[in-house]
Amino acid sequence: MNRLLRLLRNHLGLLLFVSGMLVFRSAYADWRHIPSGSMEPAIQIGDRVVVDKHAYAWRLPFTRIRLAERAAPAVGDVITFDSPADEVLLIKRVVAVAGDEIGARRGVLYRNGVAAGRAGQIEFGPRVVPIGHVFAMGDNRDNSFDSRFFGPVAIERITGRATLIAFSLDGLIPRSDRWGVSIASTP
């Protein structure tokens, strides 16, 4: 027991630092590696994006428990969330918020009856996004597993808003032109 106490005392600074970093990454900000092309061209395979985890709510670290609401996701925001289909962390763009009617016809996405960009090959809706949810889609609409397949995303599932590309790698080669690039909040 004395050995354990001595070990803890000798490494207290390191333990506090690691604990603080874990809490910080869980509740305040994190970075995510992008493994797929579902958000191209805005976010590319190999990008590491900074995620503001308190953009929408203050959360109890390591949980989904929301302590205080800060803001609501807006159309154009790039969000990270746990997929309702399989709990995998995804990154997508909000294309509609609660109360919006969303649908696609002949490859065009419509929000509230107004053309809102490309929809990809899948036609759906129109449907109204329920209260407490957003409709999220990848920018690469022909190569994205998103709300068209698993439905609207509950606000509680959102883990943060992607704000910028910290750095980017093409395999092991750095892409210096993408470092520090802001992620646009336009669809």
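Think of each chain on its own: its residues are numbered from 1, step by step along the sequence as written. With pLDDT at 70 or above as the cut-off, local features in this predicted model cover only qualifying residues; side-chain atom pairs require 80 or more to be listed or tallied, and sums for whole chains, interfaces and linings still use all residues. Note that the side-chain values use all heavy atoms of the structure and ignore hydrogens as well as water.

1. Some thoughts on the pairing of strand 11 (residues 133–137)
If a strand is regular, its side chains alternate between the two faces of the sheet.
Phase 1: Of all 5 residues that make up strand 11, 4 are buried, and the element is covered over most of its length.
Phase 2: Summarising the sheet, strand 6 (residues 89–97) and strand 11 pair through 4 bridges and their orientation is antiparallel. Looking at the pairing, Val 97 lines up with Val 134 of strand 11.
Phase 3: In this description, strands pair whenever DSSP reports at least two bridges between them. Per the convention used, a helix needs a DSSP run of H or I reaching at least four residues, while a strand needs a run of E reaching at least two, with both numbered from the N terminus. Pairing of strand 11 with strand 12 (residues 153–154), which is carried by 2 bridges, proceeds in the antiparallel orientation. The partner of Val 134 across the bridge, within strand 12, is Val 153. Relative accessibility under 20% of the residue-type maximum defines a buried residue, over 50% an exposed one, and the middle range a partly exposed one, all with a 1.4 Å probe and only protein chains included.

2. Looking at the sheet that holds strand 7 (residues 101–105)
Phase 1: Strands sit in the order 9-8-7-10 across an open sheet of 4 strands; the sheet is antiparallel. The open sheet has two free edges, formed respectively by strand 9 (114–118) and strand 10 (124–128), since each of these has just one partner strand. Ignoring which end each strand starts from, the neighbouring axes of this sheet average 25 degrees apart.
Phase 2: Here strand 7 pairs with strand 10 via 3 bridges, running antiparallel. Axis geometry follows a simple rule: fit a line to the C-alpha atoms, using only the stretch in contact for helices, then measure angles between N-to-C directions, giving values from 0 to 180 degrees.

3. Description of the nonpolar core
Phase 1: We call a set of buried Ala, Val, Leu, Ile, Met, Phe, Trp, Tyr and Cys residues a nonpolar core when their side-chain atoms join them within 4.5 Å. Ranked by size, the top nonpolar core spans 12 residues in total: Ala 55, Tyr 56, Ile 79, Phe 81, Leu 90, Val 94, Val 134, Ala 136, Phe 150, Val 153, Ile 155 and Ile 158.
Phase 2: Looking at this core, the elements that each hand over two or more residues are strand 5 (78–82), strand 6 and strand 11.
Phase 3: Setting aside residues no more than four positions away along its own chain, Ala 136 makes contact with Ile 79, Phe 81, Lys 92, Arg 93, Val 94, Asp 146, Ser 147 and Val 153.
Phase 4: Membership of the second largest hydrophobic core comes to 11 residues, among which are Val 95, Ala 96, Ala 119 and Phe 124. Note on contacts: a residue pair is in contact if any heavy atoms of the two residues lie within 4.5 Å.

4. Digging into the side chain of Arg 148
Phase 1: Considering the arrangement of structural elements, one finds Arg 148 in helix 3 (residues 147–150).
Phase 2: Pairs of N or O atoms are called polar contacts if they sit within 3.5 Å, as long as, within protein, a hydrogen donor faces a hydrogen acceptor (for residues adjacent in sequence, only side-chain-to-side-chain pairs). For Arg 148, the side chain forms a polar contact with the main-chain oxygen of Ala 119, separated by 2.9 Å.
Phase 3: Of the polar contacts made by the side chain of Arg 148, one reaches the side chain of Asp 146; its length is 2.8 Å.
Phase 4: Residues within four places of Arg 148 in sequence aside, it is in contact with Ala 119, Gly 120, Ile 122, Phe 124, Phe 135, Met 137 and Arg 141.

5. Concerning the packing of aromatic side chains
Phase 1: Each Phe, Tyr or Trp ring (for Trp, its six-membered ring) is paired with any other whose centre lies within 6.5 Å, and the angle between the two planes then decides the class: stacked below 30 degrees, edge-to-face above 60, tilted in between. The tally for this structure, following the rule as stated, stands at 5 aromatic pairs.
Phase 2: Seen from their ring centres, Phe 145 and Phe 149 are 5.9 Å apart, and the 20 degrees between their planes marks the pair as stacked.
Phase 3: Note on Phe 149: relative accessible area 45%, which makes it partly exposed.
Phase 4: Their ring planes at 70 degrees and their centres at 5.1 Å tell us that Phe 145 and Phe 150 sit as a pair that is edge-to-face.
Phase 5: For Phe 145, a relative accessible area of 39% puts it in the partly exposed group.
Phase 6: Site record: aromatic cluster; members linked through ring pairs are Phe 81, Phe 145, Phe 149 and Phe 150.
Phase 7: Whether a charge sits over a ring depends on NZ of Lys or CZ of Arg being within 6 Å of the ring centre and within 35 degrees of the ring normal. Just above the ring of Tyr 110 sits the side chain of Arg 105; from NZ or CZ to the centre is 4.1 Å.

Remember that the coordinates give geometry; whether it matters functionally is a separate question.
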